[in-house]
Amino acid sequence: MTADGLRPVPDDQVATIVTTLEMRHRPPLRPLPPSPLRLARWERADTERYRALFRRVGAPWLWFSRLVMRDPALAAIIHDDAVHVHAVLDPAGIEVGMLELDFRAPGECALAYLGLVPELAGKGHGRWLMAEALMRAWRPGVARVHVHTCTLDHPAALGFYRAHGFVAIGRTVETFPDPRVLGVLPAEAAPQIPLLAAVPSQAATSPSVARTVAT
């Protein structure tokens, strides 16, 4: 670390500040915001179908953790009865977002993933999705709902969570290999985040490379 507190990050790595937020009291029940979208629960979702939606929703923000898990590790999570995976469907039945609620910790619900495809940004659908998420998260026995957001997410994400009643309780710094350099995401993903390292030619043609990571 340098004298002014800056820590260099290798060109093939990405660093982000992660903020943890929580809610310890169920918010008042209100009518759902209007939206033509709907949620469909995926029971024991096919891993490749799950990854395809995860990539569509998360590539602009460098979501990659579920893309690099091998099938058994991913299936162990999304096929767990305490993990509820939902696809967001438009009126034509096209998958345009996802919601994943994790109830594996007793008395808690983690909003593991919540997001819509970029084409739906700024149209108010996020408020509907959050209302749906909280309605499902606060089931009997849940005393805490929590979520993580980071500086790689949409610039409005932190304010969005706080506006819905979440309180920030901690910050951490995370550094990880740039998924575009690994070939997990295409080089053109997340153009707002500078790509500093060269993308190997073999990685550029193998966007679904599978690697072992901790769950």
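Everything here concerns the structure above.
Residues numbered from 1 in each chain as written. Predicted model: local features only at pLDDT ≥ 70, side-chain atom pairs only at ≥ 80, totals over all residues. Heavy atoms only, no water.

A. Main features of the pattern of salt bridges. As enumerated under the stated definition, the model contains 11 salt bridges in all. A salt bridge links Asp-102 to Arg-104; the nearest nitrogen and oxygen atoms lie 2.7 Å apart. For Arg-104, a relative accessible area of 41% gives the class partly exposed. One continuous salt-bridge network, built from bridges that share partners, spans Glu-22, Arg-24, Glu-108 and Arg-144. (Salt bridge = Lys/Arg side-chain N within 4 Å of Asp/Glu carboxyl O. Buried < 20%, exposed > 50% of the residue type's maximum accessible area, 1.4 Å probe, protein only.)

B. Representation of the sheet that holds strand β4 (residues 95-102). Spatially, the seven strands line up as an open sheet ordered β2-β3-β4-β5-β6-β1-β7, and their pairing is mixed. Two strands bound the open sheet, and with one partner strand each, they are β2 (38-42) and β7 (167-177). Strand-to-strand twist of the sheet, defined as the mean angle between neighbouring strand axes without regard to direction, takes the value 25°. Pairing between strand β5 (residues 108-116) and strand β6 (residues 144-150): three bridges, direction parallel. Residue Cys-109 lies in a different strand from β6, and its bridge partner there is Val-145. Running over the sheet, helix α1 (residues 47-58) touches β2, β3 (83-89), β4 and β5 and is turned about 105° from β4. Docked against the sheet, helix α3 (residues 125-137) engages β1 (13-23), β2, β3, β4, β5 and β6, running at close to 160° with respect to β5. (Pairing = 2+ DSSP bridges. Helix = DSSP H or I, 4+ residues; strand = E, 2+ residues; numbered from the N terminus. Axes fitted to C-alpha atoms, helices over the stretch in contact; angles between N-to-C directions. Contact = heavy atoms within 4.5 Å.)

On their own, these measurements won't tell you what the molecule is for.
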